[in-house]
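Listed below are the residues making up each chain.
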Amino acid sequence: MMKWFAHRGASDRFPENTLEAIEAAIPYVDGIEFDVHFSRDGVGVIIHDETVNRTTDGTGRVVDLTLAELKRLNAGARFKGNGGPMQTTIPTLDEVLELLAPTDLLLNIELKTDTIRYPGIEAYTLERCRAHGIAGERLILSSFNHYSIATVRELDPSIETAILYPYPLYHPEQQAILLGAKAIHPDYRRVTREDVVLAHQAGIEVRVYTPKTAADVRRMIELGIDAVIVNDPQAFQKSLSIP
Ligand code: G3P
Ligand code: CA
């Protein structure tokens, strides 16, 4: 059975990567995907971009702002769906872990080390997950930065990791095996039937981001994908008559 992940929470219905978006997705999914950066004072915060410009009423790089400065921003200021802007804050990693700990959902935490390295973010994220009792089977750490994946493996080889990639990759399952990753997370437009077959033969799961329509999701089901990471799981499930 294909699994569903909410991408940045139910991000078509509530401002992405907020507690509201994550909470709204809980009844509809097997897991939640969200993005972690460091604030200037070294606190894990949940936001997609390296800057606060696109999603909040502030400006500047996340890494240049303290947690107190980040918390003064409205993370719903630029939201356009579901009635428009709303008031909410950038959550910390701890706040999201506290919300999700009592559920049985998978957590797909993306380490946003794509352009900023954030030294120590892998160990920090693992430590905070353990502190909330979330490790083992419920945790997936993913990243476009495969050095981060290698770092997680060095820290604890039992933690499930997944390589993200936006471009066509030659034998992605081999890249995953070399890095000790248990899954590949390609852009849904890049994945091929051969990728899926080879990955499955190697015991590697395939989870794609971010199919845009129910028809895209149907195509992924036909390809035998293990999971989709989507902005509005509720709408797609309704459209595909999935209970
Ligand atoms: O984890 C899948 C997906 O979130 C990766 O792309 O840019 O939405 O973080 P992005
Ligand atoms: Ca992400």
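This is a predicted model, so every value here is computed, not measured.

Draft legend 1. A look at the nonpolar core. In this structure, Ile32, Val208 and Val228 are the most contacted members of the largest nonpolar core, which totals 66 residues. Setting aside anything within four residues of it in sequence, one finds Val208 in contact with Pro186, Tyr188, Val191, Met220, Ile225, Val228 and Ile229.

Draft legend 2. Broad picture of the packing of helix 3 (residues 93-100) against helix 4 (residues 121-131). Between helix 3 and helix 4, whose axes approach to 10 Å, the crossing angle comes to 35°. The handedness of the crossing between helix 3 and helix 4 comes out as right-handed. For the pair formed by helix 3 and helix 4, the contact residues are Leu93, Asp94 and Leu97 on the first element and Thr125, Arg128 and Cys129 on the second. Classifying every residue of the contact of helix 3 with helix 4 gives three nonpolar, one polar and two charged.

Draft legend 3. A look at the site of ligand 1. Around ligand 1 sit His7, Glu33, Asp35, His48, Glu110, Ser142, Leu164, His185, Tyr209 and Ile229, and those are all the residues in its vicinity. Grouping the constituent residues of the shell around ligand 1 by class yields three nonpolar, four polar and three charged.

Draft legend 4. Region of interest: the UniProt feature "domain: GP-PDE" (unreviewed entry) in the chain. Taken from the UniProt record, the annotation "domain: GP-PDE" (unreviewed entry) applies to residues 2-240. Annotated as 31% helix and 19% strand, the span residues 2-240 places its first and last C-alpha atoms 13 Å apart.

Draft legend 5. Highlighting the confidence of the model for the chain. In the predicted model, the chain carries a mean pLDDT of 97, and the fraction of residues at 70 or more is 100%. For the chain, helix 9 (residues 233-239) is the element with the lowest average pLDDT, namely 96, and strand 3 (residues 44-46) is the one with the highest, namely 99. Two summary scores accompany this predicted model of the complex, namely pTM at 0.98 and ipTM at 0.99.

How each quantity is defined
Residues numbered from 1 in each chain as written. Chains lettered and ligands numbered in written order. Predicted model: local features only at pLDDT ≥ 70, side-chain atom pairs only at ≥ 80, totals over all residues. Core = buried A, V, L, I, M, F, W, Y, C linked by C-beta atoms within 7 Å. Buried ≥ 20, exposed ≤ 12 C-beta atoms within 10 Å, placed from the backbone. Contact = placed C-beta atoms within 7 Å. Axes fitted to C-alpha atoms, helices over the stretch in contact; angles between N-to-C directions. Helix = DSSP H or I, 4+ residues; strand = E, 2+ residues; numbered from the N terminus. Left-handed = near helix turned anticlockwise from the far one by under 90°. Nonpolar A, V, L, I, M, F, W, Y, C, P; charged D, E, K, R; others polar. Near = placed C-beta within 6 Å. UniProt positions renumbered as here; feature names shortened; annotations may be inferred. pLDDT = per-residue confidence, 0-100.

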